[in-house]
Amino acid sequence: MKYKVLIVSLVLLACASAVIAASSNFGTKKRMPRPEEFGTVVINNYSEKNNIAPVVFRHWIHRTKYTCRVCHVDIGFAMEAGGSDIKEADNRNHLYCGSCHNGKEAFGPTTREKVVTEVQNCERCHSLGKEVKNQKDFNSYLKDFPPSRFGNRVDWMKAEEKGLIKLKDQIEGISIKRQAIPNPKDFDIKSTILGMPDIIFSHRIHAEMNGCELCHPEIFGAKKGVTKYNMQDIFAGKFCGACHAKVAFPFYDCQLCHLKEVY
Amino acid sequence: MRGVILFLVVVLSSALACTSGEKGVIPGTQFDVVWEFAPLPPPQHYGNILISRLTRSSTHPPVAFSHWIHRRRYTCRVCHFELNIAMKTNVTDITEAKIRKGEYCGACHNGVIAFAVSEQTCKTCHAGNIGASDGRFSELSEYPRAKYGDEVNWVKALKQGFIAPKKSLINPNFVPIPFERVLRLEPEWNMIKTRALFPHQKHIEWLDCADCHPDIFNIQKKGTKHFRMDYINSGKFCGVCHLTVAFPIQDCRRCHPDLK
């Protein structure tokens with residue numbers, strides 16, 4: 001009897017360990033976000049605690065109108081979801097989302113229709129798990145945009161070059177205009193692995209969207225060679241990965257950075 | 001009573017093993033295990049799958065997908081990366097509506113590149129039978145031979161120009177980064193010469209770097225944990241492809257050339 005129980009439990013143990021080994025997901029491919037999901041962020045610092053649906057923020061809608069710099073430098077949004085600790089009062093005091101979502105630059109908390117009726121706009125942002133239709137539909141709006149292999153499957157830089165989108169870099173009342181600093185020259189970032197093409201880094205391309213402040217000095221030190229990092233860090237969302245793992249074209253598109261011919 | 005206590009102890013210890021996660025040695029995966037490879041299907045069915053995520057709850061027959069038909073024209077990266085089709089059956093949320101919109105299968109099966117979705121062509125894919133493509137298997141008979149799997153040496157077939165699969169659907173000028181580095185993976189066992197050779201370049205012909213890095217293989221030296229044969233045999237690491245589609249694990253010497 002004892003032995004029977006022992007054998008049964010051993011068999012169960014073997015089954016359990018086999019299941020564990022098979023179910024842990026190391027060594028397998030992770031799910032890649034769908035094009036419309038890429039760059040979408042859920043902000044839930046206080047929403048669910050206050051019985052409101054969390055905010056679904058879509059980078060792709062906002063980047064059709066503004067440069068990254070406007071929100072992440074002038075308005076001061078953190079670079080990770082929930083990092084800014086936004087409260088409703090902040091927005092109503094014209095901070096964070098409320099800098100633009102004030103009824104002038106973009107829709108505010110309420111919209112007046114036909115002077116008399118007031119429409120609540122809460123659900124346009126607090127939309128997790130709700131079927132909310134955006135004014136811009138991902139597929140139909142971006143249908144004729146130049147394609148890219150990954151991410152939103154849109155080549156945003158070409159779209160801007162072609163004039164399909166015009167990005168605002170300054171917002172009145174928020175941005176304070178300074179004299180532009182000339183862009184430092186493009187430079188190569190040497191690959192540490194033999195045979196891997198070097199990266200050609202263009203300050204000009206990056207500065208158009210980000211200015212200087214978004215990257216320097218926090219993500220990258222201001223002096224060349226000061227910041228040491230490797231590809232593994234980038235995969236983990238640091239350094240280039242601060243943008244190129246989440247919003248900007250994803251790091252899977254190797255050749256967009258590893259450009260230089262190997263001789 | 002004692003038996004029950006013993007049973008509880010065993011269950012608890014297995015639960016502990018569960019929570020200790022990837023760090024501890026998982027029981028049942030010791031080196032002296034004799035690997036049992038899953039039996040191979042007949043060559044014409046190797047790499048064939050039945051997709052039944054939605055059809056099993058409907059009256060439609062499952063989709064019969066044959067890898068060896070598709071890999072003659074497109075490299076793996078086109079479907080498994082650009083079109084975002086997962087590397088496991090029934091995981092990707094493919095629906096007819098999405099296919100008709102040009103997603104997933106519909107990226108090619110649109111009447112321009114390959115036959116479109118229509119009432120006449122339903123059954124070409126919704127065949128419900130793993131051997132639906134058997135009749136076309138003889139088309140592969142001229143390709144260089146291999147010993148296992150679908151018995152085609154696809155690497156040679158590509159090199160010798162029997163096939164010229166496309167590298168990208170979206171960017172016709174796409175050229176993968178050349179990377180000639182061959183990794184020598186030394187075994188952790190003493191006295192046994194079973195080193196594996198990994199040629200990057202042969203994989204790059206079919207795959208993007210990011211198909212494998214960093215999800216399947218970390219890029220740090222010795223950074224990949226649990227990179228062991230038993231895990232490969234359970235569908236991880238090399239086993240993501242080399243159990244079901246790429247040449248199967250039974251073909252030991254193609255990776256371990258020193259094996260006798």
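Residues numbered from 1 in each chain as written. Chains lettered and ligands numbered in written order. Predicted model: local features only at pLDDT ≥ 70, side-chain atom pairs only at ≥ 80, totals over all residues. Heavy atoms only, no water.

*Asks:* Kindly report on helix 8 (residues 203-210) of chain A, identifying the contributing residues and their values.
*Replies:* Residues and elements named next belong to chain A. For helix 8, every residue scored as buried is listed here: H203, M209 and N210. The arc that holds every buried residue of helix 8, seen down its axis, measures 140 degrees, which confines them to one face. Where helix 8 is buried, its residues contact helix 3 (68-75), helix 7 (156-161), strand 5 (187-189) and strand 6 (199-201). The backbone nitrogen of R204 has a side-chain oxygen 3.4 Å away, supplied by the residue at the start of helix 8, namely S202. (Buried < 20%, exposed > 50% of the residue type's maximum accessible area, 1.4 Å probe, protein only. Helix = DSSP H or I, 4+ residues; strand = E, 2+ residues; numbered from the N terminus. Arc of directions from axis to C-beta. Contact = heavy atoms within 4.5 Å. Polar contact = N/O pair within 3.5 Å; in protein donor to acceptor, adjacent residues only side chain to side chain.)

*Asks:* Help me get a handle on the environment of E118 of chain A, residues and values and all.
*Replies:* All names here are of chain A. Its place among the elements puts E118 in strand 4 (residues 117-120). A C-alpha to C-alpha distance of 26 Å links E118 and I171, two positions 53 residues apart in sequence. If sequence neighbours within four positions are ignored, E118 has contacts with T110, T111 and R112. Polar contacts involving the side chain of E118 include one to the side chain of R112, which spans 3.4 Å.

*Asks:* How would you summarise the layout of surface pockets if you had to cite specific residues and measurements?
*Replies:* Volume-wise, the second largest pocket comes out at about 720 Å³. As for the second largest pocket, its lining consists of 25 residues, of which N139 and R153 of chain A together with K101, G102 and E103 of chain B are closest to the centre. A per-class count over the lining of the second largest pocket returns twelve nonpolar, seven polar and six charged. (1 Å grid on protein atoms, 1.4 Å probe; cavity = no way out; pocket = protein on both sides within 12 Å on 5 of 7 lines; lining within 4 Å. Points joined across faces, edges and corners; volume = space filled by probe spheres on them. Nonpolar A, V, L, I, M, F, W, Y, C, P; charged D, E, K, R; others polar.)

*Asks:* Which residues make up the packing of aromatic side chains, and what are the values?
*Replies:* The way to describe two aromatic rings as a pair is by their centre distance and the angle between their planes. Here the structure, examined in full by the defined rule, presents 21 aromatic pairs over all chains. Ring centres of F26 of chain A and F237 of chain B lie 5.9 Å apart, and the angle between their planes is 40 degrees; on these two criteria the pair is classed as tilted. You can see F26 of chain A sitting in the loop between helix 1 (2-23) and strand 1 (40-43) and its partner F237 of chain B sitting in the segment after helix 9 (229-233), one on each of two chains. Note on F26 of chain A: relative accessible area 10%, which makes it buried. Measuring from centroid to centroid gives 6.2 Å for F145 of chain A and W156 of chain A, while their planes differ by 70 degrees, and the two rings are edge-to-face. Of this pair, F145 of chain A sits in the loop between helix 6 (138-141) and helix 7 while W156 of chain A sits in helix 7; the two residues are eleven residues apart in sequence, bridging distant segments of the chain. The pair formed by F145 of chain A and W156 of chain A is uniform in burial state, with each residue classed as buried. By the ring-pair criterion, three or more aromatic residues cluster together here, those being F26 of chain A together with F217, F227, Y231 and F237 of chain B. One residue, R71 of chain B, lies across the ring of W206 of chain B, its end atom 4.6 Å from the ring centre. Over the aromatic face of F26 of chain A sits the side chain of K236 of chain B, whose NZ or CZ is 4.5 Å from the ring centroid. (Phe/Tyr/Trp six-rings, centres within 6.5 Å; stacked < 30°, edge-to-face > 60°. Lys NZ or Arg CZ within 6 Å of the ring centre and 35° of its normal.)

*Asks:* Kindly report on the environment of F227 of chain B, identifying the contributing residues and their values.
*Replies:* All names here are of chain B. In this fold, F227 is placed in the loop between helix 8 (209-212) and helix 9. Classification of F227 by relative accessible area gives partly exposed; the value is 32%. The contact partners of F227, leaving out residues within four places of it in the chain, are L185, F217, I232, F237 and C238.

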